[in-house]
Amino acid sequence: MSDGSSSSRLMALVAIFFSSCIVGIYSAARASSSLVLTPDPIYNRTLNDTLAEAVEEGSSTGLTRSGSRHPRWFPFYTIGRFSNDICTGNNLLLGTCVINGECSDNSGVAAGSCSSITSQAICCIYQRTCGASTSYNNTYFYNSNYPAPYAGGGRCSIVVTPPDSSICQLRVDFLSLSLAPPSGDGFCNTDALTITGGASQVPSICGENSGQHVYVDFNGVSPITISVATSSGYTFNRNWQFQIRMLGCTSATLAPAGCLQYYMPSSGTLASFNYVSAASSALNSIGVQGTRQLANTKYGICIRKAAGMCSITYSQVSSDTYSFTLTNDVGAVDPALLATSSVQSQECTTDYIVIPAPTQGGVSLASDRFCGLGLVSTTTAAKPFVVYTVTDGNEDLDISNRGFYLSYSQNACPIL
């Protein structure tokens, strides 16, 4: 074979090799560009609690992926890698740090920048009103025209669906909640907040409840519906704004089983729903001044045990003599006796709280139930730290009661 023929064959083989490489690269590029992306679990995952640990988003290819319903690829030189952290917007609401386009694609509100890596990263606030649905963490739900009052009439709802089975619980903070008050017998006949579809039982709630919160367990991946029903026949300056947060199944901030409410600080206050120091203006079924307590409730209020703490003490808020008025007639008692041991009772069958394994003044008590018109400072070392509250549907003899408003403080373990 001649040298010229050998050279020609060699050149042909080289050309075929490089042509195959080019075709392969081109095919891979087309396959990559035609990928159908599903929502990124990093974006939709729960951010267990405010300022939870960051999870970086991105891939080893240097391309950043959007978690929106309209996915997009961003070139590596446009955006660096950054975390979908919880952020505080310039409107002082909590949001999620995402790409600007992702926020607008999902009807979020851009509230300032949140990353020094790229100017396209913004703090996205998800705000929804009547008839909405959401699968986003830190969604805010409010009445139409909030903060203006809601005139009333009809039902205003939001449906919350967990993004996947890694989400186990919902926390709803009532940043603002002012609805028509209950009847004098404690029933939410005019307005009512209901939370349904979860695995937890949540009572109907009405009246004044700003600053309260509830935890609701998801029932698998089934949605939870938060609904406010109001009556147009009752004139009242209603308004509400809720912060809705999703908690992962492995979150350290999950509320324990049986806890409708869960307080994180080692000391603070807790109250029954619709607690206000002033008496109710509504009359009960026998025509006397009614109660502020909500009827037919049964739930637990838990406090997370802090490190090095072995017991917890509950007492009435000292500035409010009506801060423990659960049963009997407030008006029939000398005001000087309110909040004293003279009007504390443990013979409770209708409305009461339960403090497990209680002691008062270092002495163990025979019963864990408390009712009446006063609560002496009570300590327990039983774990978990929990107060159970129970009310029935008959308030005929419970006149002008407010409910309870208690302070709590955890006590350090003794040094042995």
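If you're wondering where the values come from, they're calculated on a predicted model, not measured in any experiment.

Caption draft 1: Local environment of the overall build of the protein. Scanning the protein from terminus to terminus reveals three helices and 27 strands. Per-residue burial over the protein gives 46% buried out of 416 residues. Working note: accessible area of the protein is about 19,100 Å², and carbon and sulfur atoms make up 55% of it.

Caption draft 2: Fine view of the state of the cysteines. Here the structure, examined in full by the defined rule, presents nine disulfides. At a sulfur-sulfur separation of 2.1 Å, the disulfide partner of Cys103 is Cys124. Because the torsion about its S-S bond is 80 degrees, the bridge between Cys103 and Cys124 counts as right-handed. With a gap of 21 residues between them, Cys103 in helix α3 (residues 100-105) and Cys124 in strand β6 (residues 121-128) connect regions that are remote in the sequence. Each member of the pair, Cys103 together with Cys124, is buried. Covalently, Cys310 is tied to Cys413 through a disulfide, its sulfur atoms 1.9 Å apart. Looking down the S-S bond of the Cys310 and Cys413 bridge, the torsion is 90 degrees, so its handedness is right-handed. Taken together, the residues span a long stretch of sequence, with Cys310 in strand β18 (residues 309-316) and Cys413 in the segment after β27 (403-412) at a distance of 103 residues. Relative accessible area serves as the criterion here: at 26%, Cys310 is assigned to the partly exposed category. Residue classification places Cys413 among the partly exposed positions, given a relative accessible area of 30%.

Caption draft 3: Looking closely at the sheet that holds strand β7 (residues 132-134). Spatially, four strands are ordered β7-β9-β13-β11 in an open sheet, and the strand pairing comes out mixed. Two strands in the sheet have a free side with no partner beyond their single neighbour: β7 and β11 (192-196). Across the sheet, the mean angle separating the axes of adjacent strands is 15 degrees when strand polarity is ignored. Pairing of β7 with strand β9 (residues 154-160), which is carried by three bridges, proceeds in the parallel orientation. Bridging across to β9, Ala132 finds its partner in Ile158.

Caption draft 4: Main features of the side chain of Glu395. By the secondary structure assignment, Glu395 is in the loop between β26 (385-390) and β27. For Glu395, which is buried and forms no salt bridge, the nearest opposite charge comes from Arg402, at a distance of 11 Å.

Caption draft 5: Here's a closer look at the nonpolar core. One finds Leu193, Ile226, Phe242 and Ile353 to be the most contacted residues of the largest nonpolar core, which totals 50 residues. The greatest single-element share of this core, amounting to five residues, is contributed by strand β10 (residues 167-178). Ranked by size, the runner-up nonpolar core spans ten residues in total, among them Ile86, Cys87, Cys123 and Ile125.

Caption draft 6: Looking closely at the sheet that holds strand β24 (residues 369-372). Pairing is mixed in the open sheet, where six strands are placed in the order β15-β17-β26-β21-β24-β20. Lying at the two open borders of the sheet, with one neighbouring strand each, are β15 (259-263) and β20 (344-345). Inspection of the sheet shows strand β17 (residues 298-303) paired to β26 by six bridges, in the antiparallel sense. Across the sheet, the residue bridging to Gly300 is Tyr388, located in β26.

Caption draft 7: The arrangement of the confidence of the model for the protein in detail. Looking at the protein as a whole, its pLDDT mean stands at 85, while 80% of the residues score no less than 70. Contacts of residues 18-80 to residues separated by more than four positions or lying in other chains number 103 contacts, the stretch itself having pLDDT below 50.

Caption draft 8: Inspection of the packing of aromatic side chains at higher detail. Tallied over the entire structure, the rule returns ten aromatic pairs. Taking the centre distance of 4.5 Å and the plane angle of 10 degrees together, the rings of Tyr126 and Tyr136 count as stacked. One end of the pair, Tyr126, is in strand β6; the other, Tyr136, is in the loop between β7 and β8 (139-142), and ten residues separate them in sequence. Considered together, Tyr126 and Tyr136 belong to a single accessibility category, that of buried residues.

Caption draft 9: Broad picture of the pattern of salt bridges. Following the criterion strictly, the structure yields three salt bridges and no others. For Arg171, the salt bridge goes to Asp173, with nearest N and O atoms at 2.8 Å. Assigned by exposure class, Arg171 and Asp173 land together as buried. As a salt-bridge pair, Arg245 and Asp173 come within 2.9 Å of each other at their nearest N and O atoms. Note that Arg245 is positioned in strand β14 (residues 239-248) and Asp173 in strand β10, a separation of 72 residues in sequence.

Caption draft 10: Fine view of the pairing of β6. Summarising burial for β6: seven of the eight residues are buried, a large majority. Bridging between β6 and β8 involves three bridges; their strand directions are parallel. Looking across to β8, one finds that Gln127 is bridged to Tyr140.

Caption draft 11: Spatial organisation of unusual backbone geometry. Omega for the bond connecting Tyr146 with Pro147 falls within 30 degrees of zero, at 10 degrees, which places this linkage in the cis form. For Pro147, the location among the structural elements is in the loop between β8 and β9. The omega angle of the peptide bond from Lys383 to Pro384 is -5 degrees, so this bond is cis rather than trans. By the element assignment, Pro384 lies in the loop between β25 (378-380) and β26. Backbone geometry places Ala357, a non-glycine residue, at a positive phi of 45 degrees. Topologically, Ala357 is positioned in the loop between β21 (352-354) and β22 (359-360). Its relative accessible area of 52% is what places Ala357 among the exposed residues.

Cut-offs used in this document
Residues numbered from 1 in each chain as written. Predicted model: local features only at pLDDT ≥ 70, side-chain atom pairs only at ≥ 80, totals over all residues. Heavy atoms only, no water. Helix = DSSP H or I, 4+ residues; strand = E, 2+ residues; numbered from the N terminus. Buried < 20%, exposed > 50% of the residue type's maximum accessible area, 1.4 Å probe, protein only. Areas by Shrake-Rupley, 256 points an atom, 1.4 Å probe, with all protein chains shown as cover. Disulfide = S-S within 2.5 Å. Pairing = 2+ DSSP bridges. Axes fitted to C-alpha atoms, helices over the stretch in contact; angles between N-to-C directions. Lys, Arg positive; Asp, Glu negative; His and termini not counted. Salt bridge = Lys/Arg side-chain N within 4 Å of Asp/Glu carboxyl O. Core = buried A, V, L, I, M, F, W, Y, C linked by side-chain atoms within 4.5 Å. pLDDT = per-residue confidence, 0-100. Contact = heavy atoms within 4.5 Å. Phe/Tyr/Trp six-rings, centres within 6.5 Å; stacked < 30°, edge-to-face > 60°.

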